[in-house]
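Structural characterization, general
Given next are the chains, with one letter for each unit.
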Amino acid sequence: MQATKHAESDRDTDSKAAHGASDTDPDAQYDFMVVSNRLPVDRCAADEPGCEDGWRRSPGGLVTALAPMMTKTDGAWVGWHGAPDEHLQPFSHGGIDLVPVQLSTHDIEFFYEGFSNATLWPLYHDVIAPPEFHRTWWDSYRKVNRRFADAVIHHASPGATVWVQDYQLQLVPKMLREARPDLKIGFFNHIPFPPPEIFAQLPWRRAIIDGLLGADLVGFQRSSDAGNFMRSARRFLGASVKQQQVHVKGSDGVTTHIARAQAFPISIDVQQISKLARDPEIIERARQIRQDLGNPKTILLGVDRLDYTKGIPHRLKAYEELLADGKVTVEDAALIQVASPSRERVEHYRLLREEVEGTVGHINGTYDTLQNTAVRYLNHNYPIDEMVALYLAADVMLVTALRDGMNLVAKEYVTARTNNDGALVLSEFAGAADQLKQALLMNPHDIDGLKDTIMKAVNMQPAEAARRMRSMRKQILDHDVDRWSSEFLSALEEKVIRDDS
Ligand code: F6P
């Protein structure tokens, strides 16, 4: 991939970028652009953990996956910088050129919290929470998608490659194609794509499929997601779908282009995690964590955004029953649950937080002793080195998602276990289950099954743990995030041979 930046103007701008960042040319053009709702950095207050010069790393797997590629690429990243109503000029941070898109308080309520996270998010995650459909939210979604598209149109050089990310921006590919047919347009959906029987509920289902079909290549985490998308394209737009190709027709019925839909399972920066896992200071920090917990025989760990898709209540229920059954005791085992704050103004997230905190309080009130605590609940964001220390300290990692596009925490844990020890309990409803077949796979709705699997992990013999871990590590080491992005981008560049067979 060739990515060059062309400075078109060197005039000064009146609005300066924030601390820790430097201004870039506001009219620079780029041969390669990534577009996502969030920029890799997010506004923060000086006293928040991980906040440096007013910025911290944005939450979520999307940034974890794309940031490493963008630091090595001479392209630009278009997205929101996390603060309402703040207008910033393009700037550079951590070696990446960033083009901020402004979101007003109203946009945050209607586009981000509303349509993105209270309509699409639950709809695309098996309707675990009931999605809400509001025309005012949809209006805002369209307007904000237009704003992101306009930012790209302004900054993309002729023939540039543009890679649009995730469910918040599904209308952008078509908006780009209409305004800039010269662009190569890719789209990647980081979350699941629902089966047509569920997608059917969305009043704007045709517009969403049509928006995505503006792309030359639409990438998904699992092949089942790509299959769901193609079935919806056929059912709701009457598109002709052959193999992985969707023939997109204009209003005159003539094929304008072919959009391909394919799975590209996302991964992590293996080098970064491996290096941290071998760092003596981090190894020492892991030892200290164990010691602070009283050196229990087993440390179990959960790391999630505080989201109802992650199955945190199921995990706590199983753990509470194991304590009640006497299968684990607070002297022998400790569960650390990192639950980073997320979408806190959306009602289902508020309710989940109350539920989780109530359950943790109940478990600890029932089982704690003066020396030992059953569940360490940490409602914070931690920097990556502290996360790796936690991965090294944990004997058992619990990933009990009810539905998850991929789950990169599972891949980070496995990568950090450079000694081939530790056990991964992994939900079959997380995309990672397609690749990590040697994890202890389970259905988190089946509490007895989950309890049995946790006990299997706790009691696993070192030889079996090593065999499983070696095989999972090989998979991830062979398929890191660089391979993910280069495979997607090479597929995007490929000439499409029409499959009319
Ligand atoms: O991958 C899913 C995702 O929603 C990303 O699009 C997003 O950046 C991340 O999780 C975190 O969510 P949010 O941006 O809503 O805090």
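Above this text sits the structure in question.
As the structure is a computational prediction, the values presented were derived from the model and not from experiment.

**Examining the sheet that holds strand 20 (residues 440-442)**
As summarised here, the arrangement of the six strands in space is 17-16-15-18-19-20, forming an open sheet in which the pairing is parallel. The sheet is open, and its two edges are formed by strand 17 (375-378) and strand 20, each paired on a single side. Strand-to-strand, the axes of this sheet are offset by a mean angle of 20 degrees, without reference to chain direction. The pairing of strand 18 (residues 396-399) with strand 19 (residues 423-427) spans four bridges and is parallel. Residue V399 lies in a different strand from strand 19, and its bridge partner there is L426.

**A few points about the nonpolar core**
Core analysis: the biggest nonpolar cluster contains 102 residues, and V78, Y124, F148, L176, F199, I208 and F229 have the highest contact counts within it. Per-element tally for this core: the top contributor is helix 2 (residues 105-124), with ten residues. Structurally, this core is a two-domain feature, drawing no fewer than three residues from each of domain 1 (13-266 + 484-493) and domain 2 (270-479). Setting aside residues no more than four positions away along its own chain, F148 makes contact with V35, S36, N37, V78, G79, W80, V101, L103, L169 and V172. One finds L39, M70, W77 and V303 within the second-largest nonpolar core, a separate group that totals 69 residues.

**A look at the pairing of strand 13 (residues 245-249)**
Successive residues of a regular strand alternate their side chains across the two faces of the sheet. The buried fraction of strand 13 is high, at four of five residues. Note: strand 12 (residues 240-242) against strand 13, three bridges, orientation antiparallel. Residue K242 lies in a different strand from strand 13, and its bridge partner there is Q245. As paired strands, strand 13 and strand 14 (residues 255-263) are joined by five bridges and run antiparallel to one another. Bridging across to strand 14, Q245 finds its partner in R260. Linking strand 13 to strand 14, which pair antiparallel, is a turn of five residues; within it G253 sits at a positive phi near 85 degrees.

**Digging into the site of the ligand**
Residues in close proximity to the ligand total 14 residues, the closest being R38, Y112, D166, Q168 and R343. D166 is positioned such that a nitrogen or oxygen atom in its side chain is 2.5 Å from an oxygen atom of the ligand. At 3.2 Å, a side-chain N or O of Y167 approaches an oxygen atom of the ligand. Considered on its own, the ligand offers 380 Å² of accessible surface; in the complex 93% of this is hidden by protein. Among the elements that make up the shell around the ligand, the one with the highest residue count is helix 2 (three residues). Of the residues belonging to the shell around the ligand, the class tally is six nonpolar, four polar and four charged.

**What about unusual backbone geometry?**
A positive phi is found at D166, a non-glycine position, where the angle reads about 75 degrees. Of note, D166 is situated in the loop between strand 9 (156-165) and helix 4 (172-179). Even without being glycine, N420 reaches a positive phi, approximately 60 degrees. For N420, the location among the structural elements is in the loop between helix 13 (408-416) and strand 19. For N420, a relative accessible area of 17% translates into the label buried.

**Some thoughts on the state of the cysteines**
For the structure on display, the rule yields one disulfide. In this model, C44 is linked to C51 through a disulfide, with the two sulfur atoms separated by 2.0 Å. Every disulfide takes its handedness from the sign of the S-S torsion; for C44 and C51 that torsion is 85 degrees, giving right-handed. Like C44, the residue C51 is buried in the burial classification.

**Focus: the pattern of salt bridges**
Scanning all chains against the criterion turns up 34 salt bridges. D404 is paired through a salt bridge with K310; the nearest N and O atoms lie 3.1 Å apart. You can see D404 sitting in the loop between strand 18 and helix 13 and its partner K310 sitting in the loop between strand 15 (298-305) and helix 10 (312-325), a full 94 residues away along the chain. Accessibility expressed as a relative area gives 10% for K310, which makes it buried. Of the charged contacts in the structure, one is a salt bridge between E321 and K317, with a shortest N-O distance of 3.7 Å. Here E321 and its partner K317 are both found in helix 10, four residues apart, which amounts to about one turn of the helix. What makes E321 partly exposed here is its relative accessible area of 25%. What makes K317 partly exposed here is its relative accessible area of 43%.

Each value, and the rule that gives it
- Residues numbered from 1 in each chain as written.
- Predicted model: local features only at pLDDT ≥ 70, side-chain atom pairs only at ≥ 80, totals over all residues.
- Heavy atoms only, no water.
- Pairing = 2+ DSSP bridges.
- Helix = DSSP H or I, 4+ residues; strand = E, 2+ residues; numbered from the N terminus.
- Axes fitted to C-alpha atoms, helices over the stretch in contact; angles between N-to-C directions.
- Core = buried A, V, L, I, M, F, W, Y, C linked by side-chain atoms within 4.5 Å.
- Buried < 20%, exposed > 50% of the residue type's maximum accessible area, 1.4 Å probe, protein only.
- Domains from an automatic or database assignment.
- Contact = heavy atoms within 4.5 Å.
- Near = heavy atom within 4 Å.
- Polar contact = N/O pair within 3.5 Å; in protein donor to acceptor, adjacent residues only side chain to side chain.
- Areas by Shrake-Rupley, 256 points an atom, 1.4 Å probe, with all protein chains shown as cover.
- Nonpolar A, V, L, I, M, F, W, Y, C, P; charged D, E, K, R; others polar.
- Disulfide = S-S within 2.5 Å.
- Salt bridge = Lys/Arg side-chain N within 4 Å of Asp/Glu carboxyl O.

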